[in-house]
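Each chain is listed here by its residues.
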Amino acid sequence: MGCTWIPTSFCTTTNDRPDDAVISGRIIGVDMDGIDLVVIDVLRGDEARDTIRIWDGTDFDCNGIFSMAASGLGGVEDSIIVVMPLITEIENTWDVLGDYRRPNYFGLTTEMRIINGMVLGLIAGSGMNALYTMPYPDFLAVWSVGTIGCSNFLSIQERAVDLPHFQNPVQDILELTFTGSMEHGRTVRIRASSGQEVLTLKAASTSLRIDLSSFAPGVYHLVVTGEDRSMAATRVMKL
């Protein structure tokens, strides 16, 4: 139990590691010492290469060995967003100065997947206020608002403390009641656990009834966006 943890979000991780690069890319090679990543976007850092190398980190022990193999970031053809340090000092025999090293993930969210255009992972927030999925273009737009990236996203999340009230789990009808910062003008999106958007509604009043009777049982993500681009996200269980 002493070596278990609840990870902080990706946005918190990037803000706590201001000197690390943040890059999205597609994995094209995996071997015993690291992975090769074709760069999609450089969100933070000074990187002009089309393809970068992420080397294995140094395994650590906490009541057992935790692997720092870069292959833990994903397999060939997986697309990821990763915050990672540039190698400035040799730590392992395979290290190459100027390349990257897999970041220490103990207590942190250091990478997220991009699947079918959706960012999947603990993006921001925590507990019932956590945001686990959003379209990749939306993530880029939020990131590019300022020079520090996710700090702007966290400030947006902090403005959205008033989630709609609703009964959870729900059988057929999801009844939402909005207050506070979400009281006027909002877009409601429901996404499957895979990240696929299954329903989008505009709501102008303080209450909204959504018929979920045709939805398969399971967990869905409820994302509410205000007119000022503030955002609230939570999960709902459909019985």
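Definitions and cut-offs
Note on numbering: residues in each chain are counted from 1, in written sequence order. At least 70 in pLDDT is required for a residue's local features to be given in this predicted model, at least 80 for side-chain atom pairs to be given and counted, and no such filter applies to totals for whole chains, interfaces and linings, which use all residues. Note that water and hydrogens are dropped before the side-chain values are worked out from all heavy atoms of the structure. Numbering of helices and strands starts at the N terminus; helices are DSSP runs of H or I of at least 4 residues and strands are runs of E of at least 2. Exposed residues in this analysis have more than 50% of their type's maximum accessible area, buried residues have under 20%, and partly exposed residues fall in between, with area computed by a 1.4 Å probe over protein chains only. Charge assignment in this entry is limited to Lys and Arg as positive and Asp and Glu as negative, and neither His nor the chain termini are counted. For this analysis, a salt bridge means a side-chain nitrogen from Lys or Arg found within 4 Å of a carboxyl oxygen belonging to Asp or Glu. The definition of a polar contact used here is a pair of N or O atoms within 3.5 Å, where within protein one atom must be able to donate a hydrogen and the other to accept one, and adjacent residues in sequence count solely through side-chain atom pairs. In this analysis, two residues are considered to be in contact whenever any of their non-hydrogen atoms come within 4.5 Å of each other. A pair of strands counts as paired when DSSP detects no fewer than two bridges linking them.

**Focus: the side chain of Arg 102**
Argument step 1. Checked against the element boundaries, Arg 102 lands in the loop between strand 7 (100-101) and strand 8 (111-115).
Argument step 2. The buried charged residue Arg 102 lacks any salt bridge partner; its closest oppositely charged side chain belongs to Glu 111, at an N-O distance of 4.4 Å.
Argument step 3. One polar contact links the side chain of Arg 102 to the main-chain carbonyl oxygen of Ala 69, over a distance of 2.6 Å.
Argument step 4. Contacts of Arg 102, omitting those with residues within four sequence positions, involve Ile 54, Trp 55, Gly 57, Ser 67, Met 68, Ala 69, Ala 70, Gly 72, Leu 73 and Glu 111.

**Regarding the side chain of Ser 9**
Argument step 1. Counting through the fold element by element, Ser 9 comes out in the segment before helix 1 (10-16).
Argument step 2. Separated by 3.1 Å, the side chains of Ser 9 and Thr 12 make a polar contact.
Argument step 3. With residues near it in sequence (within four places) discarded, Ser 9 still touches Thr 109, Leu 122, Ile 123, Ala 124 and Gly 125.

**Here's the deal with the sheet that holds strand 6 (residues 79-84)**
Neighbouring strands of a sheet are bound in pairs by backbone hydrogen bonds; such pairs are parallel or else antiparallel.
Argument step 1. Spatially, eight strands are ordered 7-3-2-1-6-8-9-10 in an open sheet, and the strand pairing comes out mixed. The open sheet terminates on both sides in strands that have one partner only, identified here as strand 7 and strand 10 (131-135).
Argument step 2. Direction of pairing for strand 3 (residues 51-55) relative to strand 7: parallel, over a ladder of two bridges. Considered in strand 7, the bridge of Trp 55 is made with Arg 101.

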